[in-house]
Amino acid sequence: MAEGHLVAADALSMEREWKLPDRGTIGIIFLIITETSLFTMFVAVYLIYIGKSATGPYPKDVLDIPVLATVCLLSSSLTVVFAEHALKKNELGRFKLWWALTIGLGAYFLFATGMEWRKLIYEDHLTISTNLFGSTFYSLVGLHASHVIVGLTFLSIVLAATLRGFPIQTQLRRVLFLSWYWHFVDAVWVIVFTVVYIIGR
Amino acid sequence: MATIDYPLEHPKANEPEFSFSQSLYTWVATVDHKRLGLMYITAALLFLIVAGLMAAVMRMQLAFPNGHVVGPDTYNRLFTMHGTTMVFLVGMPIVAGLSNYLVPLMIGARDMAFPRLNAFGFWIFLFGGLLLYYSYFGGGGLSGDGSAPDVGWFAYAPLTERSFSRGHATDYWALGVLVSGLGSIASAINVIATTLSMRCPGMTLSRMPMFVWVMLVDAWMIVIALPPLSAAQIMLLLDRYLGANFFNTQAGGSAVLWQHLFWIFGHPEVYILIFPAFAILSEVIPVFSRKPLFGRPAMVGAVVAIGFISMGVWAHHMFAVGMSSWSNTFFAASSMLVGVPTGIKIFNWTATMYGGKLRFATPLLFCCGFLLQFLMAGLTGIMLAVAPFDWQLHDSYFVVAHFHFTLVGGLVFGFFAGVYYWFPKAIGAMLNDKLGKWHFWLFCIGFNMTFIPLHWAGMLGMPRRIYTYAPGRGWEAWNLIASIGVIFQAAGILCFIWNVLRSARHGEPAGDDPWDAWTLEWATTSPPPEYNFEKLPVVRSSRPLWDLKHPQDPDWKFE
Amino acid sequence: MAEHRVANIFKPLASPAAAEHNIALLTLAITAVIFVVVGVLIVFTIVRFRRRTDDESRQEPAQVYGSNQIEAAWTVIPILIVFVLIGVSARVIASIQNASPPPSTLKITLIGHQWWWEVVYPDYGIVTANEIHVPTSPDGKTATYLRLESMDVIHSFWVPQLAGKTDLIPNRTNYTWIDPRQPGVYIGNCAEYCGTQHANMLLRVIAESPSDFKTWAADQQKPAADNPQVGDAKAAFGSLACVNCHTIKGTPSIGKFGPDLTHLMSRQTLAAGVLTNNAKDLRAWVNDPQQAKPGCFMPSMKLTDKQLDRVVSYLQSLK
Ligand code: HEA
Ligand code: HEA
Ligand code: CUA
Ligand SMILES: [Cu+2]
C-alpha cells in the first residue's frame, strides 16, 4: 500500500516522544496486587475465627511475640535497599555483602518460625487440626513463610550467580523487582504480626 | 517501535512445508500469542460440546417425571461437571483466548508482554481441566470405583468435607479448578502488561479499541477476584488432607464462610464471563452499522463502573442464609445498581445501530440476539436482586433460567458473533453465511424454547439440582418443552461445527479486511504473520483504518 | 383436606408469602415495562435501519459519536427506578425480618437430616418427621415459629405458598414463621442441594383448625399404641436392628439416626414424601429402601417375608 510508507515515516517521527511504562514493572505490580488479594482472604478468615475455637490451646496460652525474628525480617528490607544502591553505584563488593546479609536475616526469620512451630506442635500440642486457632494460624503464617522461602530462593540464586562472577549489574531491573517482592513479603508480615500476635492475643 | 525496518518479505514465503510431527511440535512449543489464542478457543469449543452433551443428558432425564435415564449419583455428577466445565473450562478460556489473539493485534504489538508466561498459562489451564476430568477415573481413589465430583459447581461446605464427600472426587474439583485458575491469573497479568506497555505509537488509552478496554478491565477483575476462590480451595484441601477445621461445623467452623469466600469470587466471575461478549459487541455492532461506537467515554466508564460495583454484590447469592436485614438490604441495593452501567451499555449499542446501515451478516444477527436476550436476563437478575422476591426464587429453576439467559443468551451468543467476525482473520477463509444463519436461528429458537419455560417451572416451586420429580406438581409441560428445545440447540451447534470444519478448508478466501472494518487487526494479512505487522498505519484516533480509508474526513478531526 | 400440590408462589396463603407476592408483582410490573420499552426500541432500530437491498452505494451513514444529554438521560432514569426498587425492598425485608410478627401459639424446631426432616414440638414433647402440623391462623393474628437447625449439611426450608426460603445450616440457628390462612396440605421441597437424595426431600405443612391441631397433638403425646394382637410382631421388630436407628416411644427401641416411628401411621407419606403411607409401599420400603430412595441412609435389612409381614403389621399398629 502506497500510503503505507508515508504512514511508516509518520509513525517513526511519532515514536520519538512515545513512552510507555515498562512491562516488567507492570507485571510485578500486578503480581503483588493479586498476592495481596490472596493474603487478604486468609487474614480476614483469621480475624473472623478469633475466639471461635471450640477447644484449647488458645493463642494467649501458647503464643509469645517473635520480637527478634520480626526485627530481623523488617531490617532485611533496609539491607536489600542498601544492596540495591551499591549495585547502582556498581560497587559489587558492598552489594554482595548487603545481599548476603539480607539472605541471612531472612533465613533467621524462617528458622525462628520453624522453632516456634516446633514448640507449638511438640510442647503445646497445637496442630493444624487441633482447633480453629490451629487451622487459621498455621495456614496464615505458613502462607507467609512460603513466600519468604520463595523470596530467599531467588535472592540466593542472585547471590550465587554474582559470586560466580556473573555481571549482575546488567540485571539491575530484575534485582529491583526482586527487592520489591521482598518489601512486599515484609509488609505482609507487618499485617500478619499485628493480626496474629497483637489482635489475636 | 521497530515495525518499519522489519524484513518485508511476504509472511508465507518463509514458511517451509512441515511434516505432521513437526507442525505438531511447532504448536506445542509455540509462544506465539495467536496460536495460543486459537488453542484456548479450540479448547473452549471442545469443552462446550462436552458439557453441552452433559446438559442434553440432564434434559433427557428431566423431560418427564420419574425419569430413568440416569440415577441420582450420575445426575448430580452431570450438573456439577456441566457447571464447572462451562464456567472454568469454557468461559475462562474464551476470555484468555480472545484477549490473547486480539489484544496485541488491536494495539499494534508484536506479541504479548510475556510470551513464555503466556504459554505456561495455557498449558497449566489445560492441565487443570484434564485433572478435573481425570476424576472420572481416579475420583473414587485407588480402592473405590472412580467418579466425578457431585457437590455442585459452587461446592458448598460442609457437603465437601471428608465426612460427607468420601473418595477423591471433591479433591479433583478443588485441585483442577485451583490449577486452571493459576493459568487465568497468569494470562490476566499478561493482558494488563501488554495493554499498558505495548501499545503502538499514537495509541493513547483514549484511542484504544473498546474491545481492549473491556478485556483490560476483565483482566483486572480476574487478578482481584480469583485469589479468593484459590484461598477457599486451599482451605478446603487443608480440611480434607490435614484435618484443618475451616469448614468443619463440628469444630465451630462456619458453613457460611465458604459461601462468602466463594461468591466474593463468584459474582465478579460472572461479569468476567460476560465481558468478552461486551467486548465483541462493541467491535461488531459499529462495523456492521457503519457507525462509530456511540458514547465511547460512557462505555468505558460503564465497564469500569461494573468492574468496581460487581465486587460489592456477592451476598445476593446468600439472601436465604439468614443474614441481618441490613446486609440483605445493602446487597439488594448494590446488585440493582449494577443494572445502571449495564443499561448504559445496552443503550449505547442500540444507539450505535440507530441511524446506521445495518448489514445483517451472521455476526450482527448474534449481536441482536444478545441484545434482546441479555436484556431479559438482566431484568430477571433485577428480580432476583429484590431480596424478598429472591427468598421465593432462590435455588429454583428461575435462577437456572436467569443465568442461562446471561451465559448462553449472553456469553455464548456474543462469542459466536465474535467467531463469525474474526474467523476470516484467523484462518484466512470466510465462514459460510448461509450455514451461519441456520446456526443462528436454530440455536436462538432452541435456546429460548429451553430456558423461557424454566422461569415458570421455578415460579411453580421447582427447585434446582433435583434428578427427578413426581408428576402432578405443574412442572411436566415446562420441562418437556425445555428438553425439546435442546434438540434445536444441538442442531444449531452441529451446523456451526460443520461450518467451521468445512470453511477452514474450502471457505472462500477472506482477504485482509473482509468486513471493511476499522481496527488494526484488519491492517495485516489474514492470517497474520508471526510478527503481526509489516508496517503500522499511524494511530491518531480509535478507528485508524477509518482514517486511512477516509483521508478527507478522518476521526481524529472530531475526537 | 385440600392438598396444594402445585406450589405456585403467586397463590400465597400466609403472611410472609403474601408480602413476597406483593413485591414480586411490583417488581414484575416495573421490569416488564422496562423490557417492553427497551425491547421495542431495539427491535425498531433493527427493522428501521437494516441496509435496504436497493441501496448498494458505498455511501457511509452520518458518523455520530455520541451525546452527553442522552447519556445523562439514560443514566439518571434507571438510577431513579433502581432507587424506587431499593426503597420498597428495604421496607419489605424489614417487615418480614424485623417487624414483630403476630404472637406465637406454637414453637417448632425443624432439624434437617440427609434426607429427611425431624420435626420437634418442644412445648408438647412431640417428635415426628417430614410432616409439620400447625394450627391455621384465619385472621393472621397468630403464627407458628420455626427454629431451623441441621444435623449434617445445609438444607433449606421452602414451602412456596407459606414462606420463602430460609436455610437450615449446621452450627447456626435460623428462624422463620408461618401463619397459614386456611386448612390444607402445603408441599415444599428442600431447596439447598444436600447430596444424593436432595430431590426426594419433600416437606409437608399440614394446617388444621386449632381444635383439630389440639387433638392431633394429644394423640402424638401418647406413647406408642400397644396392640396385643401384634405382640409377637412387636417382639420381632424389637429383635431387629431397626431399634438402633428408630425411636418408638414406650418401647426399648430408642435409635436416633432415623425418623421417630412412634406414630408412623399418623403420617401421609413415607421417607420424606417419596412413598404414600400404605401397606404396600410400607412393605416395599422396609424390604428395600434403596429401591424407592437410592443412596438413602436406611440400609436394606434383608428380611425374610415372614419377618417383613410381622414388622409391617407392627408398624401399621403404630396409629
Ligand atoms: C454472565 C453472567 C451473569 C450476569 C451478567 C448476571 C447479571 C446479574 N445477575 Fe446474575 N447470576 C449468574 C450469572 C450472571 N448474572 C449466575 C451464573 C448465577 C447463579 C449462580 C448459581 O447459583 O449457580 C446468578 C445468580 C444471580 C442471583 C442469585 C440468585 C439466587 O441464587 O438466589 C442474583 C440475585 O441478585 C443475580 C442478580 C443479577 C443482577 C442484578 C445482574 C445485573 O448485572 C443485570 C444488569 C442488567 C440489566 C438490569 C438489564 C439492562 C439494563 C437496563 C435496560 C437499564 C434499566 C434497568 C433498570 C433500571 C433495572 N444473579
Ligand atoms: C457458559 C455456561 C453454560 C452454558 C453454555 C450452559 C448450557 C446449557 N445448560 Fe447449563 N448450567 C451452567 C452453565 C451453562 N450451561 C451452570 C453454571 C449451571 C449450574 C450447575 C450447578 O447447579 O452446579 C448449569 C446448570 C444447568 C441445569 C440445571 C441442572 C440442575 O440444577 O439440576 C440445566 C438443566 O436444564 C442446564 C441445561 C443447559 C442446557 C440445555 C444448555 C445448552 O445451551 C447446551 C447446548 C449445547 C449442546 C446441546 C451441545 C450439542 C453439541 C453437539 C450436538 C455436538 C455433537 C458432538 C460432536 C460433533 C462431537 N444447565
Ligand atoms: Cu436437604 Cu436438599
Ligand atoms: Cu451474582
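Residues numbered from 1 in each chain as written. Chains lettered and ligands numbered in written order. Predicted model: local features only at pLDDT ≥ 70, side-chain atom pairs only at ≥ 80, totals over all residues. Heavy atoms only, no water.

Student: Hey, could you run me through the overall build of chain B in this one?
Tutor: Within chain B, the secondary structure is distributed over 15 helices and zero strands. By the compact-globule yardstick of 24 Å for 559 residues, chain B fits well, its C-alpha radius of gyration being 24 Å. If you line up chain B on its principal axes, its C-alpha atoms span 70 × 50 × 45 Å. In chain B, of all internal contacts separated by at least 6 residues, the share reaching a separation of at least 24 is 81%. Of the accessible surface of chain B, which amounts to about 17000 Å², a share of 72% is contributed by carbon and sulfur atoms. Averaged over its 31 positive side-chain charges, chain B has a centre that lies 4 Å from the centre of its 30 negative ones. (Helix = DSSP H or I, 4+ residues; strand = E, 2+ residues; numbered from the N terminus. Rg over C-alpha atoms; globule rule 2.2 N^0.38 Å. Contact = heavy atoms within 4.5 Å. Areas by Shrake-Rupley, 256 points an atom, 1.4 Å probe, with all protein chains shown as cover. Lys, Arg positive; Asp, Glu negative; His and termini not counted. Charge placed at Lys NZ, Arg CZ, Asp CG, Glu CD.)

Student: Explanation requested: the site of ligand 1 in the structure shown.
Tutor: Around ligand 1 lies a shell of 32 residues, among which B:Trp153, B:Tyr271, B:Asp390, B:His394 and B:His402 are the nearest. Near ligand 1, residues from chains B and C are present, making the site a shared one. Between ligand 1 and B:His316 there is a distance of 3.4 Å, counted from an oxygen atom to a side-chain nitrogen or oxygen. At 2.5 Å from an oxygen atom of ligand 1 is found a side-chain nitrogen or oxygen belonging to B:Asp390. (Near = heavy atom within 4 Å. Polar contact = N/O pair within 3.5 Å; in protein donor to acceptor, adjacent residues only side chain to side chain.)

Student: Would you mind going over the site of ligand 2 with me for this structure?
Tutor: Residue and element names in this part refer to chain B. Contacts to ligand 2 come from 31 residues, most closely from Tyr-75, His-82, His-404, Arg-465 and Gln-489. Between ligand 2 and Arg-59, the relevant distance is 3.0 Å, taken from an oxygen atom to a side-chain nitrogen or oxygen of the residue. Between ligand 2 and Tyr-397, the relevant distance is 3.2 Å, taken from an oxygen atom to a side-chain nitrogen or oxygen of the residue. Mapped by element, the contributors of at least two residues to the shell around ligand 2 are α2 (33-63), α3 (72-106), α12 (397-427) and α14 (476-506). For the shell around ligand 2, the leading source of residues is α12, giving seven residues. Of the residues contributing to the shell around ligand 2, the split by class is 22 nonpolar, six polar and three charged. (Nonpolar A, V, L, I, M, F, W, Y, C, P; charged D, E, K, R; others polar.)

Student: Teacher, can you tell me more about the coordination of the copper ion (ligand 4) here?
Tutor: Geometry reference: four tetrahedral donors at a metal, ideal angle 109.5 degrees. Six octahedral donors, ideal angles 90 or 180 degrees. Residues and elements named next belong to chain B. The protein atoms that coordinate the copper ion (ligand 4) are His-267 (ND1), His-316 (NE2) and His-317 (NE2), at distances spanning 1.9 to 2.0 Å. All donors of the copper ion (ligand 4) belong to a single chain; written as a sequence motif, their spacing is H-x48-H-H. In this structure, the copper ion (ligand 4) lies 4.4 Å away from the iron atom of ligand 1. (Donors = N, O, S within 2.8 Å, 3.2 Å for Na, K, Ca; no water.)

Student: Hey, could you run me through the sheet that holds strand β9 (residues 174-178) of chain C in this one?
Tutor: Whenever strands of a sheet pair, they do so through backbone hydrogen bonds, lying parallel or antiparallel. Residue and element names in this part refer to chain C. Read across the sheet, five strands follow the order β4-β3-β2-β6-β9 without closing on themselves; strand pairing throughout is mixed. Of all strands in the sheet, those bounded by a partner on one side alone are β4 (126-129) and β9. Between one strand and the next, the sheet's axes are offset by a mean angle of 25°, whatever the strand orientation. With eight bridges connecting them, strand β2 (residues 104-113) and strand β6 (residues 143-150) associate as parallel partners. Bridge pairing links Thr-109 to Arg-147 in β6. Against the sheet, helix α3 (residues 210-221) makes contact with β2, β3 (116-121) and β4, and its axis sits at roughly 100° relative to β4, the strand it touches most. (Pairing = 2+ DSSP bridges. Axes fitted to C-alpha atoms, helices over the stretch in contact; angles between N-to-C directions.)

Student: In this structure, what is going on with the arrangement of the chains? I would like to understand it.
Tutor: Among the two pairs of chains in contact, the pair with the most contacts is chains B and C. At the level of C-alpha atoms, the two units chain A and chain C stay apart, their nearest approach being 12 Å.

Student: Please clarify how the interface of chain B and chain C should be interpreted in this entry.
Tutor: Interface size, as often reported, equals the accessible area lost upon joining of the parts. Contacts between the two partners involve 97 residues from chain B and, on the opposite side, 86 residues from chain C. Summed over both sides, the interface between chain B and chain C buries roughly 7600 Å², with carbon and sulfur atoms accounting for 67% of that surface. Applying the counting criterion to the chain B and chain C interface returns one salt bridge. In this structure, the salt-bridge partner of C:Glu60 is B:Arg290, at a minimum N-O distance of 2.9 Å. (Buried area = accessible area lost by both parts, 1.4 Å probe. Salt bridge = Lys/Arg side-chain N within 4 Å of Asp/Glu carboxyl O.)

Student: Sorry, what's going on with unusual backbone geometry here?
Tutor: What you tend to see is this: most non-glycine residues have negative phi, and most peptide bonds are trans. Cis geometry marks the peptide bond from B:Ser526 to B:Pro527; its omega dihedral reads -10°. With respect to the helices and strands, the residue B:Pro527 is situated in the loop between α14 and α15 (544-549). In this structure, C:Trp115 follows C:Gln114 across a cis peptide bond, with omega equal to -5°. Relative to the helices and strands, C:Trp115 resides in the loop between β2 and β3. Although it is not a glycine, B:Arg465 sits at a positive phi angle of roughly 60°. Relative to the helices and strands, B:Arg465 resides in the loop between α13 (433-459) and α14. What makes B:Arg465 buried here is its relative accessible area of 5%. Phi at B:Asn532 is positive, roughly 70°, even though this residue is not glycine. When you line up the elements, B:Asn532 lands in the loop between α14 and α15. (Buried < 20%, exposed > 50% of the residue type's maximum accessible area, 1.4 Å probe, protein only.)

Student: Please clarify how the packing of helix α6 (residues 210-242) of chain B against helix α8 (residues 296-309) of chain B should be interpreted in this entry.
Tutor: Each pair of packed helices can be described by the angle between their axes along with the distance between the axes. Residue and element names in this part refer to chain B. Put simply, α6 and α8 touch, their axes get as near as 10 Å, and they point 10° apart. It follows from the interaxial angle that α6 and α8 lie roughly parallel. In this structure, α6 meets α8 at a crossing whose hand is right-handed. Counting all contacts with α6, which are made through Met-210, Trp-213, Val-214, Val-217, Trp-220 and Met-221, the residues of α8 involved are Arg-296, Met-299, Val-300, Val-303, Val-304, Gly-307 and Phe-308. Looking at side-chain class alone, the contact of α6 with α8 contains 11 nonpolar, one polar and one charged residues. (Parallel < 35°, antiparallel > 145°, perpendicular 65-115°, else oblique. Left-handed = near helix turned anticlockwise from the far one by under 90°.)

Student: Got a minute to help me understand the confidence of the model for chain A in this structure?
Tutor: Low-pLDDT stretches of the model should not have their predicted coordinates read in fine detail. Summing up the model confidence of chain A, the mean pLDDT is 90 and the portion of residues at 70 or higher is 92%. Scored below 50 in pLDDT, residues 1-9 of chain A shows nine contacts in the model against residues more than four places distant or in partner chains. (pLDDT = per-residue confidence, 0-100.)

Student: I tried to follow the packing of aromatic side chains on my own but got confused; where do I start?
Tutor: When we look at a pair of aromatic rings, we describe it by the centre distance and by the angle of the planes. Scanning the model with the defined rule gives 83 aromatic pairs over all chains in all. Between B:Phe88 and B:Trp153 the ring centres are 6.1 Å apart and the planes differ by 55°, which places this aromatic pair in the tilted class. Taken together, the positions of B:Phe88 in helix α3 and B:Trp153 in the loop between α4 (115-138) and α5 (169-197) put the pair 65 residues apart, joining distant regions of the chain. What makes B:Phe88 buried here is its relative accessible area of 4%. Relative accessible area serves as the criterion here: at 13%, B:Trp153 is assigned to the buried category. The structure contains a cluster of three or more aromatic residues connected by ring pairs, namely B:Phe366, B:Phe405, B:Phe413, B:Phe415, B:Phe416, B:Tyr420, B:Phe440, B:Trp441, B:Phe443, B:Phe447, B:Phe451 and B:Phe496. When the ring centre of C:Tyr145 is taken as reference, the NZ or CZ atom of C:Lys107 above it lies at 5.6 Å. (Phe/Tyr/Trp six-rings, centres within 6.5 Å; stacked < 30°, edge-to-face > 60°. Lys NZ or Arg CZ within 6 Å of the ring centre and 35° of its normal.)

Student: Help me understand the coordination of the iron atom of ligand 2 in this model?
Tutor: Residues and elements named next belong to chain B. For the iron atom of ligand 2, every protein donor is listed as His-82 (NE2) and His-404 (NE2), and the spread of their distances is 2.0 to 2.1 Å. Every donor counted, the six donor atoms about the iron atom of ligand 2 form angles of 87 to 179° at the centre, which fits octahedral coordination. On the criterion of sequence distance, the pair formed by His-82 in helix α3 and His-404 in helix α12 is long-range, its members being 322 residues apart. Neither His-82 nor His-404 differs from the other in exposure class; each is buried. (Tetrahedral: all angles 85-135°; square planar, octahedral: opposite > 155°, others 65-115°.)

Student: Teacher, can you tell me more about the sheet that holds strand β10 (residues 184-189) of chain C here?
Tutor: Residues and elements named next belong to chain C. Read across the open sheet, the four strands follow the order β1-β10-β11-β5; overall the sheet is mixed. Of all strands in the sheet, those bounded by a partner on one side alone are β1 (3-4) and β5 (131-135). Where β1 meets β10, two bridges bridge the pair, whose relative direction is parallel. What sits directly across from Glu-3, in β10, is Val-185.

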